Amino acid sequence: MASLWDQYTVTDAYDEMRCSANKARASSYRLSCYLDSLGGDALDVRKTAADLAIMEMGITFTVYSEEGNIDRAWPFDIIPRIIEYKEWLRVEVGLKQRLKALNCFINDTYNEQLFIKEGLIPASIISSSTNFLKECVGMQPRFGIWANICGSDLVRDKDGTLYVLEDNLRVPSGVSYMIENRSITKKVFPELLQDLDVLPVDDYPAHLLEMLVSIAPEHSDIPRIAVLTPGIYNSAYFEHAFLAQQIGAELVEGDDLVVQEDDCVYMRTINGLEKIDVIYRRIDDQFLDPEVFRKDSMLGAKGLLRAWQAGNVSLANAPGSGVADDKVIYSYVPQMIRYYLNEEPILPNVPTYLCSDPEQLAYVLAHLDELVVKPANESGGYGMLVGPHASKAQIKEFHKIIKDQPRNYIAQPTLALSTCPTLCNNQLEPRHIDLRPFILQGENSFVTNGGLTRVALKKGSLVVNSSQGGGSKDTWIINTGM
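A. Up close: the sheet that holds strand β16 (residues 409-413). Overall, antiparallel pairing links the four strands, which are arranged β13-β16-β14-β15 in an open sheet. Looking at strand neighbours, the two that pair on one side only are β13 (353-354) and β15 (385-386), the edges of this open sheet. In terms of strand pairing, strand β14 (residues 371-375) meets β15 through two bridges, oriented antiparallel. Looking at the pairing, Val373 lines up with Leu385 of β15.

Now the structure itself:
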């Protein structure tokens with residue numbers, strides 16, 4: 001009888017489930033055999049069941065287009081991605097190390113600025129950052145932690161090395177989909193999850209709540225927590241509502257909050273005003289407080305920054321955290337780890353060219369057809385140039401843009417992102433993936449068991465963002481005892 005794997009093609013990229021000879025890796029041997037025993041038709045039936053579950057559970061995301069905002073069902077591939085537990089232990093320590101150093105850097109940037117004074121980063125890089133907020137200078141959030149929630153994107157190159165591609169420190173999203181992916185997998189492969197030692201992911205809300213409570217103002221005995229959302233039209237609104245429900249927090253919009261003359265934040269309720277101690281905000285800095293930032297913002301609450309500065313409310317992530325959520329700053333993270341922690345980085349950066357440096361700029365402009373070029377402060381995969389897949393016209397356009405605004409761009413080699421078997425028309429085919437684990441830091445640190453594996457559903461594509469046609473997979477951290 002023909003095997004499901006006979007038609008599977010292992011590419012030049014590292015395959016997470018199959019080795020170069022198209023044999024199962026040790027960590028995924030049982031999964032490979034199980035999928036083979038089902039066959040393509042049975043897997044397609046389970047995919048249909050997963051799609052129905054997603055519709056019934058109302059798991060959606062919003063795509064913005066010229067035609068308007070469109071709610072779409074979450075694109076989910078039922079074939080999980082597996083990572084061996086012993087490898088994950090190292091990744092977990094490396095992620096905690098990284099966020100600790102980033103928080104030291106943010107705190108230093110708004111206070112002593114020793115990293116700048118000692119010549120480890122040009123002052124102009126900070127002063128020209130769109131996310132540096134002068135209003136935050138001199139502030140000291142609880143425990144010196146500015147970025148309480150981080151989603152760091154990891155990619156694996158063809159030699160098997162895991163790299164940190166970027167750190168998302170402003171309003172990282174996707175953790176609810178990580179949790180829901182596991183819920184769907186339990187419906188699709190219940191018998192398989194019972195037999196394998198797969199680490200859980202549903203403990204994240206408990207750790208999130210613990211962290212938010214830990215950063216509450218010291219005078220708060222039983223802190224009241226709110227999740228601040230831009231509203232139902234935001235692409236991640238499903239996540240905002242999901243997390244608020246999971247941690248027992250109030251889901252609020254800017255109009256629901258008012259800052260009184262005592263510089264405290266209150267929520268409007270049918271019983272009158274009720275004090276809020278901690279806000280998990282899911283809106284960008286510039287829309288947070290029309291009293292200080294964008295005057296036309298309808299999303300935030302007037303006086304919110306004043307209340308935070310007075311120490312009467314804690315904000316996660318703290319305003320100004322985005323100064324480290326800059327792809328130019330990213331290139332300095334290994335130096336931050338050495339400087340602030342006196343340690344060697346556990347997880348490597350992807351080699352990065354800074355277009356603000358004249359020598360590096362010259363190299364980038366001469367090799368645009370080989371490199372991936374990224375804007376310093378965009379997210380969602382927007383504004384990028386993937387050189388090997390770009391047209392001559394696109395390369396010419398980016399040549400001009402980069403030359404005009406060198407501070408705003410970095411470039412990196414085109415990595416051969418690892419692949420994972422993905423169900424496509426009753427067959428398994430390799431598709432490129434990345435991984436976004438989530439790290440919490442308050443009084444203590446926590447890293448999710450795995451994270452959100454994002455998959456480029458289009459054959460040959462390296463773009464995994466759901467807003468641009470990507471999907472996701474359940475991520476299994478599995479202990480084979482080997």
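Moving on, there is more to tell.
B. Here's a closer look at the packing of aromatic side chains. Inspection of the entire model under this criterion finds 13 aromatic pairs. With a centroid separation of 5.7 Å and 80° between ring planes, the pair formed by Phe105 and Phe115 is classed as edge-to-face. Here Phe105, found in helix α2 (residues 85-109), pairs with Phe115, found in helix α3 (residues 114-117); they are 10 residues apart in sequence, far enough to count as distant. Looking at Phe115, the relative accessible area reads 1%, which means it is buried.

C. Up close: the side chain of Asp108. With respect to the helices and strands, the residue Asp108 is situated in helix α2. It turns out Asp108 is buried and unbridged, and the closest side chain with the opposite charge, Lys117, is 7.3 Å from it. The residues contacting Asp108, other than those within four sequence positions of it, are Gln113, Leu114, Phe115 and Tyr340.

D. Highlighting unusual backbone geometry. A cis amide bond links Ala316 to the next residue, Asn317, at an omega of -5°. Position of Asn317 among the secondary structure elements: in the loop between β12 (314-316) and α10 (327-330). Of note in the backbone geometry, Asn425 takes a positive phi value of approximately 55° without being a glycine. Take Asn425: it is sitting in the loop between β17 (419-424) and β18 (427-436). For Asn425, a relative accessible area of 74% corresponds to the exposed category.

E. Quick peek at empty space enclosed by the protein. Within the structure shown, the criterion is met by two cavities of 30 Å³ or more. When its volume is computed, the largest cavity comes out at roughly 40 Å³. Lining the largest cavity are Glu166, Asp167, Ala324, Asp325, Asp326, Lys327 and Tyr330. Those elements giving two or more residues to the lining of the largest cavity turn out to be β5 (162-168) and α10. For the lining of the largest cavity, a count of residues per class yields two nonpolar, no polar and five charged. If you go around the second largest cavity, the residues you meet are Ile149, Arg170, Val171, Pro172, Tyr280, Arg281, Arg282, Ala316 and Asn317. Looking at side-chain class alone, the lining of the second largest cavity contains five nonpolar, one polar and three charged residues.

F. Structural detail: the side chain of Arg18. Topologically, Arg18 is positioned in the segment before α1 (29-57). Of the side chains bearing the opposite charge, Asp15 lies closest to the buried Arg18, which forms no salt bridge; the N-O distance is 6.2 Å. At 2.5 Å, the side chain of Arg18 and the backbone oxygen of Asn22 are in polar contact. In this structure the side chain of Arg18 is engaged in a polar contact, spanning 3.4 Å, whose partner is the side chain of Ser32. Filtering out sequence-adjacent residues up to four positions away, Arg18 remains in contact with Trp5, Tyr8, Val10, Lys23, Ala24, Arg25 and Ser32.

G. Just the pairing of β18, in detail. Most of β18 sits inside the fold, with eight of its 10 residues counted as buried. Two strands pair when backbone bridges link them, and β17 and β18 are joined in this way by six bridges, in the antiparallel orientation. If you follow Thr422 over to β18, its bridge partner there is Glu429. Taking the residues that link successive antiparallel strands as the turn, the β17-β18 hairpin has two residues, and the phi of Asn425 there is positive, at about 55°.

Conventions and cut-offs
- Residues numbered from 1 in each chain as written.
- Predicted model: local features only at pLDDT ≥ 70, side-chain atom pairs only at ≥ 80, totals over all residues.
- Heavy atoms only, no water.
- Pairing = 2+ DSSP bridges.
- Helix = DSSP H or I, 4+ residues; strand = E, 2+ residues; numbered from the N terminus.
- Phe/Tyr/Trp six-rings, centres within 6.5 Å; stacked < 30°, edge-to-face > 60°.
- Buried < 20%, exposed > 50% of the residue type's maximum accessible area, 1.4 Å probe, protein only.
- Lys, Arg positive; Asp, Glu negative; His and termini not counted.
- Salt bridge = Lys/Arg side-chain N within 4 Å of Asp/Glu carboxyl O.
- Contact = heavy atoms within 4.5 Å.
- 1 Å grid on protein atoms, 1.4 Å probe; cavity = no way out; pocket = protein on both sides within 12 Å on 5 of 7 lines; lining within 4 Å.
- Points joined across faces, edges and corners; volume = space filled by probe spheres on them.
- Nonpolar A, V, L, I, M, F, W, Y, C, P; charged D, E, K, R; others polar.
- Polar contact = N/O pair within 3.5 Å; in protein donor to acceptor, adjacent residues only side chain to side chain.

Taken by themselves, the reported measurements are silent on function.
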